[in-house]
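The primary structure of each chain is shown beneath.
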Amino acid sequence: MKKLLEGKTIVVTGCASGIGLETARLCKAGGATVLGVDRTVTHEHVDELYKVDLSCPVQIRQLVQALPHGVHGLANVAGLPPTAPAELVLKVNLVGLKALTTQLIPKLADGASIVNLASLAGFGWADHISSIHASEALDFDDVAEFVRTHDAGDAGGRSYFFSKEALVVWTLQNRWTWRARGIRMNAVSPGPVDTPILGDFVKTLGARAEEDMRVMDRPGTPADIAPVVAFLLSDQSAWIRGANLPVDGGMSSHLLCNIHAL
Ligand SMILES: NC(=O)c1ccc[n+]([C@@H]2O[C@H](COP(=O)([O-])OP(=O)(O)OC[C@H]3O[C@@H](n4cnc5c(N)ncnc54)[C@H](O)[C@@H]3O)[C@@H](O)[C@H]2O)c1
């Protein structure tokens, strides 16, 4: 039987740790050539590593120039936690991700799949539509001003929440943008996952995180998330477009049941 990603070339950002590392491993095991991107150098599970700071527009442009034509998949996994400075969080998790993706579109093969690592933290996007609209054309140079003037600063980890809310919305908005070429975009929204940044979430969210962990039976692991990313990168998911898939042990359903008194 043909492997899930046989013959495909997949770009995985954030490939040096956590969910990105496991995604790279699974893509390779699934038969793909993996082009890894990270600010940290690793040669585990990648055919080639591009050392790039995804908060830097110049390095992103150089990366796009260096990547080959005919890429079949882009897994946008790299991300910073809420304990990082707000400006950096927005640059890496949102502005840099969008810049890499839109610049890479001309080099993608027809039928390519883009997967964005969002988060359960993006669950409340519908309550922040005006700020999300205001961020649509946000450029690297405007991020400092944006975090000052919108609800996307350091307090309470808002920069992280905002970056994921806006990413979920951007994914919905791009359900059909490249449909004529068969290129699709989806998001995966994990709940708390046991990676090096889990402690950062608990630190930022305090009592709220403790309550989440109390109702959950366990945190997720990268091995809970990466197979879903690999499936979305594969041709088996060709009719899933603009979706945001929760992979959170049931946590988003739990929130919906509470909100709607179900
Ligand atoms: N761990 C969780 O609980 C959780 C929950 C929901 C969503 N997520 C999301 O999953 C993704 C992966 O997170 P993880 O838990 O595997 O974290 P991680 O810290 O283990 O991995 C993140 C990777 O991104 C890379 N990275 C960060 N900033 C970068 C930059 N400026 N340029 C290039 N690479 C950079 C890091 O070097 C690292 O290898 C993130 O987008 C995160 O927001 C994580």
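It should be noted that the structure appears before, not after, this text.
Just so it is clear, the structure is predicted and the values come from calculations on it, not from any experiment.

J.: Sorry if this is basic, but what is going on with the pattern of salt bridges here?
T.: Between side chains of opposite charge, a pair can form as their charged atoms come close. Counted according to the given criterion, the structure contains nine salt bridges. Between aspartate 235 and lysine 8 there is a salt bridge, with the nearest N and O atoms lying 3.0 Å from each other. Taken together, the residues aspartate 235 in the loop between helix 9 (222-233) and strand 7 (244-247) and lysine 8 in the segment before strand 1 (9-13) connect sequence positions 227 residues apart. Between glutamate 211 and arginine 214 there is a salt bridge, and its shortest N-O distance comes to 2.9 Å. Linking glutamate 211 with arginine 214, this pair stays in helix 8 (residues 207-215), spanning three residues, or about one helical turn. Here arginine 214 falls in the exposed class, since its relative accessible area comes to 58%. What emerges from the salt-bridge pattern is a single network uniting Asp151, Arg158 and Glu165.

J.: Would you take a moment to explain unusual backbone geometry for this structure?
T.: In the Ramachandran plot, histidine 45 falls in the positive-phi region, its phi being about 60° despite a non-glycine side chain. The phi dihedral of alanine 261 is positive, around 50°, even though this residue is not glycine.

J.: Teacher, can you tell me more about the sheet that holds strand 6 (residues 184-190) here?
T.: Within a sheet, neighbouring strands are paired by backbone hydrogen bonds and run either parallel or antiparallel to one another. Strand order in the open sheet formed by seven strands is 3-2-1-4-5-6-7, and the pairing between neighbours is parallel. Each having just a single partner strand, strand 3 (48-51) and strand 7 make up the two edges of the open sheet. Adjacent strand axes in the sheet meet at a mean angle of 20°, parallel and antiparallel pairs treated alike. Note that strand 2 (residues 33-38) and strand 3 share four bridges and pair parallel. For glycine 36, the partnering residue across the bridge sits in strand 3 and is leucine 49.

Parameters and conventions
Chains are numbered independently. Their residues run from 1 in the order of the written sequence. With pLDDT at 70 or above as the cut-off, local features in this predicted model cover only qualifying residues; side-chain atom pairs require 80 or more to be listed or tallied, and sums for whole chains, interfaces and linings still use all residues. Values shown for side chains rest on all heavy atoms present in the structure; no hydrogens or waters enter the calculation. We count a salt bridge whenever a side-chain nitrogen from Lys or Arg sits within 4 Å of a carboxyl oxygen from Asp or Glu. Numbering of helices and strands runs from the N terminus; a helix is a DSSP stretch of H or I covering at least four residues, while a strand is a stretch of E covering at least two. Exposure classes here rest on a 1.4 Å probe applied to the protein chains alone. A residue is buried below 20% of its type maximum, exposed above 50%, and partly exposed in between. Any two strands are treated as partners once DSSP identifies two or more bridges connecting them. Every axis in this analysis is a line fitted to C-alpha atoms, fitted for helices over the stretch in contact. Angles between the N-to-C directions lie between 0 and 180 degrees.

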